Amino acid sequence: MSSNYLLCGTPRTGTTLLCQYLTSTEVAGRPQSYFRKQGMMSYAEGWRILSADKTYSFSDYLIAARGAASTENGTIGIRVMWGTLEEMTAELGKPYPNFVSNDLALLEQAFGKLKFIYLHRSDIIAQAISLYRAEQTGYWHTVEGQKPKQPPTFDFDAINSRREMLEQHNLAWQNWFQNVGVQPLAISYEALSADPVSSTKNVLEFLELELPHYKQLAAVNQKLADETTVAWLEEFNKHLRNQST
C-alpha cells in the first residue's frame, strides 16, 4: 500500500516545521514545496537539469522532484499550498493530458496513490498577523544568524485582508477535498506547535509507516510568536470592536 502524500495547508500553519520532522524520520519522504513556481528554477539548478539557455523540461523536473521527495523506502512527500495547487495541476496536465479533468487522478498519475494531510490554524487572526509580519520583515523561519530586515508595523487593513484570504483558502481546501472524495488527516497548528513529536507520529500512523527505533525526531524551526503577536492581537480585536459600535 502506498504511503505517498500531499501535505496541504496555507501559510503560517506550521508546514515547514512538520516537513522538517517528517524528513527527520527518514521513512516519510522529504516534503518541500517543489512545485511552487517561484522556487522551481532554483530546484532545477540544484538538480542540474537546466539546459545551456537556463530552461528545463517539465518531464525532467517531475522525475527529479519525485527523487528529491522520496526516502529510501520509496515514500514521496510533497507540500502544497492552496495557491500552488492550480499551478501544479496545470503543469502536470502537460505530460498527462488525459487526466486534466480530474485533479486527483492527475496527481496520482504523477505521484502514485496518495493520502492527504491538511494543516490549519484555529486562530486565523494570529495566522494573518504572522503572515503579514513575515512579509514585512522577510523573516519567515528561525535560521541561525538571520535577523528581520526591518521592524514590523501594525496595519489593521493589511492584516484583515490576509485574514480574509486565508479564510478563502481554507474553504477552498475543504471544498476540494470534498469534491475529489478524499478524507485528509487534519492537524491544527496549535496541536503541532504544542507537541510536534506526537503530531509527527500521528502522521506516520496515518501513512502506515513505522519510525525506526534509532531515530530521534528533530527540526531546526522554532515558534516565532512573541509579545508583538500578543499586542497586535489585542490591537486588531480593538479595531474590530470599534467597527461594530
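Right above here is the structure, for reference.
Computed from a prediction, not measured in an experiment: that's the story for all the values here.

Cut-off values and rules
- Residues numbered from 1 in each chain as written.
- Predicted model: local features only at pLDDT ≥ 70, side-chain atom pairs only at ≥ 80, totals over all residues.
- Heavy atoms only, no water.
- Phe/Tyr/Trp six-rings, centres within 6.5 Å; stacked < 30°, edge-to-face > 60°.
- Helix = DSSP H or I, 4+ residues; strand = E, 2+ residues; numbered from the N terminus.
- Buried < 20%, exposed > 50% of the residue type's maximum accessible area, 1.4 Å probe, protein only.
- Salt bridge = Lys/Arg side-chain N within 4 Å of Asp/Glu carboxyl O.
- Axes fitted to C-alpha atoms, helices over the stretch in contact; angles between N-to-C directions.
- Left-handed = near helix turned anticlockwise from the far one by under 90°.
- Contact = heavy atoms within 4.5 Å.
- Nonpolar A, V, L, I, M, F, W, Y, C, P; charged D, E, K, R; others polar.
- Core = buried A, V, L, I, M, F, W, Y, C linked by side-chain atoms within 4.5 Å.

**Student:** Could you clarify how one ought to interpret the packing of aromatic side chains in this entry?
**Tutor:** In this description, an aromatic ring pair is defined by two values, namely the gap between the centres and the angle between the planes. If you walk through the whole model with that rule in mind, you get 19 aromatic pairs. A ring pair is formed by F116 and W176, whose centres lie 5.6 Å apart and whose planes are at 65°; its orientation type is edge-to-face. Within this pair, whereas F116 is found in strand β3 (residues 115-120), its partner W176 is found in helix α7 (residues 156-180), the two being separated by 60 residues in sequence. Side by side, F116 and W176 carry an identical accessibility label, which is buried. Geometrically, the ring pair formed by Y132 and W232 is tilted, given 6.4 Å between the ring centres and 40° between the ring planes. Remark: W232 occurs in helix α10 (residues 227-244) and Y132 occurs in helix α6 (residues 124-137); sequence separation between them is 100 residues. Side by side, Y132 and W232 carry an identical accessibility label, which is buried.

**Student:** What am I meant to see in the pattern of salt bridges here?
**Tutor:** Pairing is possible between side chains of opposite charge, provided their charged atoms come close. Taken as a whole and judged by the stated rule, the model has 5 salt bridges. The closest approach of N and O atoms between K115 and E208, which form a salt bridge, is 3.1 Å. Of this pair, K115 sits in strand β3 while E208 sits in the loop between α9 (196-207) and α10, and the two are 93 residues apart along the sequence. A residue is classified by how much of its surface remains accessible, and K115, at 17% relative accessible area, is buried. Where R162 meets E135, a salt bridge forms, and the shortest distance between an N and an O atom there is 2.5 Å. Residue R162 is located in helix α7, and its partner E135 is located in helix α6; the two are separated by 27 residues in the primary sequence. The class of E135 is partly exposed, set by a relative accessible area of 38%.

**Student:** What's the story with the packing of α6 against α7 in this structure? I'm lost.
**Tutor:** Two packed helices can be described by the angle between their axes and the distance between those axes. With their axes 8 Å apart at the nearest point, α6 and α7 run at an angle of 120° to one another. Note on packing geometry: the crossing formed by α6 with α7 is right-handed. Residues I124, I125, Q127, A128, I129, L131, Y132 and E135 of α6 form the contact with α7, whose participating residues are A158, I159, R162, R163, M165, L166, E167 and N170. Its residues assigned to classes, the contact of α6 with α7 comprises 10 nonpolar, 2 polar and 4 charged.

**Student:** Help me out: how do you make sense of the nonpolar core in this one?
**Tutor:** Burial of nonpolar side chains together is a common tendency in soluble globular proteins. In this structure, F35, I78 and F111 are the most contacted members of the largest nonpolar core, which totals 32 residues. Elements that contribute at least two residues to this core include exactly β1 (5-9), α2 (37-46), α3 (58-68), β2 (77-81), α4 (82-92), α5 (103-111), β3 and α7. Non-local contacts of I78, meaning those with residues more than four positions away in its chain, are made with Y5, L6, L7, P31, Q32, Y34, F35, A69, M88 and F111. Counting 19 residues, the second largest nonpolar core, distinct from the first, contains Y5, L18, V27 and L192.

**Student:** When you look at helix α1 (residues 15-24) in this model, what are you seeing that I'm missing?
**Tutor:** Helical periodicity: at 3.6 residues per turn, an α-helix aligns residues three or four positions apart in one direction. The element α1 is extensively covered by neighbouring structure, given that 8 of its 10 residues are classed as buried. If you check which residues of α1 are buried, you get T15, T16, L17, L18, C19, Y21, L22 and S24. Summarising the contacts, the buried residues of α1 are in contact with β1, β2, β3, β4 (185-188), α8 (189-194) and α9. Positioned one or two residues after α1, E26 has a phi angle of 65°, which is positive.

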